[in-house]
Amino acid sequence: VIKHFPGASVARNNRANHLIRISANTSDKEKQNELLQRALEDCNVTLKGALNHARAYENRQNIYLRFNRDSLALADAISLIKIEPRNRLAYYTKGAVYMRFNKIDSAMANFNKCLEIDPNTDFALNNRGSLLFNHYKKYKEAMADFTRAIQVNPQGDYFLNRSYCHYQLGEIEMAK
């Protein structure tokens, strides 16, 4: 489709989504960056032809986060919220960017909004738990977030983070 219709927004965004998924499953950093750069180009073409294409903003903000282009990711998240005010991924992106900017209260508010929209967003639970642990020293609340993230999508990092909570609460055997 793209060969015959280079500006086809749906085809471009679908390919961008596919390239992002492939990049997440490769360990070769150079190959990841190449795939993400191609996906970014597809998102840019999509958004030139369809300014209100929510999925293209979702994909592009994800790419910008992975490239540590935080201001651009934040701008896309803000644009996405204007199009879809209840888009959990836009609030997650805002939270992740504010976390990187060390704007902890803003990060927390956006992770909370993401989880209000979808309480099963494991990566938002993990990040909110990290904020609760590292900045607010609320170890029990952090443990609840890590436990919920594990229930939704078991990941090694989530177990490790929960073990830190057990350790801080004096539950050494549970931490192990």
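Residues numbered from 1 in each chain as written. Predicted model: local features only at pLDDT ≥ 70, side-chain atom pairs only at ≥ 80, totals over all residues. Heavy atoms only, no water.

1. Describing the packing of helix 4 (residues 70-83) against helix 5 (residues 88-100)
Relative placement of two packed helices is described by the angle separating their axes and the distance separating the axes.
Okay, step 1: Running from amino to carboxyl end, helix 4 crosses helix 5 at an angle of 150°, the nearest separation of the two axes being 9 Å. Classed by the angle they form, the pair helix 4 and helix 5 counts as roughly antiparallel. For the crossing formed where helix 4 meets helix 5, the hand is left-handed. Packed against helix 4, whose contacting residues are D70, A73, L74, A77, L80 and I81, the element helix 5 presents A90, Y91, T93, K94, V97, Y98 and R100 at the interface.
Okay, step 2: Residues belonging to the contact of helix 4 with helix 5 are distributed by class as follows: nine nonpolar, one polar and three charged. (Axes fitted to C-alpha atoms, helices over the stretch in contact; angles between N-to-C directions. Helix = DSSP H or I, 4+ residues; strand = E, 2+ residues; numbered from the N terminus. Parallel < 35°, antiparallel > 145°, perpendicular 65-115°, else oblique. Left-handed = near helix turned anticlockwise from the far one by under 90°. Contact = heavy atoms within 4.5 Å. Nonpolar A, V, L, I, M, F, W, Y, C, P; charged D, E, K, R; others polar.)

2. Structural notes on helix 8 (residues 139-152)
Okay, step 1: When the terminal C-alpha atoms of helix 8 are compared, their 20 Å separation across 14 residues agrees well with the 20 Å that a helix rising 1.5 Å per residue should span.
Okay, step 2: Every buried residue of helix 8 is listed here: Y139, A142, M143, D145, F146, A149 and I150. What you see down the axis of helix 8 is that its buried residues fit within an arc of 160°, all on one side. Turned more than 90 degrees from where helix 8 packs its buried face, K140 and Q151 sit exposed.
Okay, step 3: Buried residues in helix 8 make contact with helix 7 (122-134) and helix 9 (156-168). (Expected span 1.5 Å × (residues − 1). Buried < 20%, exposed > 50% of the residue type's maximum accessible area, 1.4 Å probe, protein only. Arc of directions from axis to C-beta.)

3. Some remarks on the pattern of salt bridges
Okay, step 1: Evaluation of the coordinates by the stated rule reveals twelve salt bridges.
Okay, step 2: Between K31 and E34 there is a salt bridge, with its nearest N and O atoms 3.9 Å apart. Of this pair, K31 and E34 both sit in helix 2 (residues 29-49), three residues apart, roughly one helical turn.
Okay, step 3: Overall, the relative accessible area of 40% leaves E34 in the partly exposed class.
Okay, step 4: Where K176 meets E173, a salt bridge forms, and the shortest distance between an N and an O atom there is 3.5 Å. For the residue pair K176 and E173, the accessibility class agrees, reading exposed in each case.
Okay, step 5: One network of salt bridges, with partners in common, ties together R12, R15 and D42. (Salt bridge = Lys/Arg side-chain N within 4 Å of Asp/Glu carboxyl O.)

4. Here we look at the packing of aromatic side chains
Okay, step 1: All told, the structure shown has four aromatic pairs when counted by the stated rule.
Okay, step 2: With centroids separated by 5.6 Å and ring planes inclined at 40°, the aromatic side chains of Y92 and F111 adopt a geometry described as tilted. In this pair, Y92 is assigned in helix 5 and F111 in helix 6 (residues 104-117), connecting sequence segments 19 residues apart.
Okay, step 3: F111 sits in the buried class, given a relative accessible area of 0%.
Okay, step 4: An aromatic cluster of at least three residues, connected via ring pairs, comprises Y92, F111 and F123.
Okay, step 5: A cation over a ring is seen here: K113 above Y91, with NZ or CZ 5.8 Å from the ring centre. (Phe/Tyr/Trp six-rings, centres within 6.5 Å; stacked < 30°, edge-to-face > 60°. Lys NZ or Arg CZ within 6 Å of the ring centre and 35° of its normal.)

5. Describing the packing of helix 1 (residues 9-24) against helix 2
Okay, step 1: For the pair helix 1 and helix 2, the least separation of the axes is 8 Å and the interaxial angle reads 160°. Considering the angle they form, helix 1 stands roughly antiparallel to helix 2. Crossing of helix 1 over helix 2 shows left-handed handedness. Residue-level contacts link S9, R12, N13, R15, A16, L19, I20, I22 and S23 of helix 1 to Q32, L35, L36, R38, A39, D42, C43, V45 and T46 of helix 2.

6. Focus on the side chain of S23
Okay, step 1: Along the chain, the position of S23 falls in helix 1.
Okay, step 2: The exposure class assigned to S23 is buried, which follows from its relative accessible area of 0%.
Okay, step 3: With near-sequence residues (within four places) excluded, S23 lies in contact with Q32, L35, L36 and R66.

Treat this as a map of the structure, not an account of what it does.
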